[in-house]
Amino acid sequence: MRKLVYYVASTIDGFIAAPDGSAEFFGLDPEVARHLATHWPQTFPTFAHPQLGIDRPQGRFDAVVMGRRTYDPALRLGVTSPYAHLTQYVFTRSLPPSDDPAVEIVSGDPVTFVRDLKRRAGGDIWLCGGGQLAGQLLAEVDELVVKLNPIVAGSGIPLVARAFDPQHLTLVDATPIGGGVVVLRYTR
């Protein structure tokens, strides 16, 4: 069965974006960019591949799921398919069906949809954000990969937005990758 992998950047205090949804404050140290482009090339938007030297973004994912607020920055730039190298699912009740065949707008229950998606043939599924969707899908997440940045934000969009319900995970790997960033991998 396919795995749902929540791969996301976070501050030390657990925020994945500013209160307005922006994430530019994370920046991208060149050493970190090189590491991520080598080990996680599929997680970069398609338009960034040439600048990062990514020719064929191969890896474990063939699909990405995201919430509306995660999809919005691409739409504001006129990009309807930010991850054209993956099948894209956007969870929202406020957008019409996509004209782009690589993007499916999903208005139904995310848990039911992802459970079905995990049973289909294919590679793993990347949950790229945001915190609200991650909160709804947390029980379906098989692996959590956090790019922990040496930043304390104070407030913003949390890694997982949900009611208090402690979930215990097992640390599989902790890899410092430069710029003070550590990639932490957890499984259930």
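Above this text sits the structure in question.
These figures come from a predicted structure and were not determined experimentally.

Parameters and conventions
- Residues numbered from 1 in each chain as written.
- Predicted model: local features only at pLDDT ≥ 70, side-chain atom pairs only at ≥ 80, totals over all residues.
- Heavy atoms only, no water.
- Salt bridge = Lys/Arg side-chain N within 4 Å of Asp/Glu carboxyl O.
- Helix = DSSP H or I, 4+ residues; strand = E, 2+ residues; numbered from the N terminus.
- Buried < 20%, exposed > 50% of the residue type's maximum accessible area, 1.4 Å probe, protein only.
- Phe/Tyr/Trp six-rings, centres within 6.5 Å; stacked < 30°, edge-to-face > 60°.
- Lys NZ or Arg CZ within 6 Å of the ring centre and 35° of its normal.
- Pairing = 2+ DSSP bridges.
- Axes fitted to C-alpha atoms, helices over the stretch in contact; angles between N-to-C directions.
- Contact = heavy atoms within 4.5 Å.
- Core = buried A, V, L, I, M, F, W, Y, C linked by side-chain atoms within 4.5 Å.

Q: Help me understand the pattern of salt bridges, please; the structure alone is not making it clear to me.
A: Two side chains carrying opposite charge are able to pair once their charged atoms lie near each other. Within the structure shown, the criterion is met by 10 salt bridges. Measuring nitrogen to oxygen at the nearest pair gives 2.9 Å for the salt bridge that ties K118 to D142. Taken as a pair, K118 in helix 4 (residues 110-119) and D142 in the loop between helix 5 (131-137) and strand 7 (143-149) lie far apart in primary sequence, 24 residues in all. For K118, a relative accessible area of 7% translates into the label buried. Residue class for D142 comes out partly exposed when judged on its relative accessible area of 26%.

Q: Explain the packing of aromatic side chains to me, please; I cannot follow it from the model alone.
A: Two measures describe an aromatic ring pair: the distance that separates the ring centres and the angle between the ring planes. In the structure shown here, the tally under the stated rule is eight aromatic pairs. Taken together, the aromatic side chains of Y7, W40, F61, Y83 and W126 make up a single cluster linked through ring pairs. Positioned above the aromatic ring of F113 is the side chain of R120, whose terminal nitrogen or guanidinium carbon lies 5.7 Å from the ring centre.

Q: Quick question: what am I supposed to make of the sheet that holds strand 1 (residues 4-11) here?
A: Note on sheets: strands pair through backbone hydrogen bonds, and any given pair is parallel or antiparallel. Overall, mixed pairing links the eight strands, which are arranged 5-4-3-6-1-7-10-9 in an open sheet. Both edges of this open sheet fall to strand 5 (103-106) and strand 9 (170-178), since each of them pairs with a single strand only. Direction aside, neighbouring strands of the sheet carry axes that sit 20° apart on average. In terms of strand pairing, strand 1 meets strand 6 (residues 124-129) through three bridges, oriented parallel. By the bridge assignment, Y6 is partnered in strand 6 with L127. Its contacts with the sheet put helix 1 (residues 30-39) on strand 1, strand 7, strand 9 and strand 10 (181-187), and the angle it makes with strand 9 is roughly 130°.

Q: Would you take a moment to explain the environment of F61 for this structure?
A: One can find F61 in strand 3 (residues 61-67). When its relative accessible area of 4% is taken as the criterion, F61 is described as buried. In the structure, F61 is positioned 84 residues away from V145 in sequence and 13 Å away in space, judged by C-alpha atoms. Among all residues touching F61, those that are not within four sequence positions of it are V5, W40, Q42, T43, L86, D124, I125 and W126.

Q: Even after reading the chapter, I still don't get the nonpolar core, so can you show me in this structure?
A: Across soluble globular proteins, nonpolar side chains have a tendency to be buried as a group. Core analysis: the biggest nonpolar cluster contains 24 residues, and L4, Y6, V65, Y89, F91, L127 and L137 have the highest contact counts within it. For this core, the element with the highest residue contribution is helix 4, accounting for four residues. Here F91 is in contact with V65, M66, G67, R68, V106, G108, P110, F113, V114 and L133, once residues within four sequence places are set aside. Counting 23 residues, the second largest nonpolar core, distinct from the first, contains A37, V64, Y83 and V103.

Nothing here speaks to function; it is geometry throughout.
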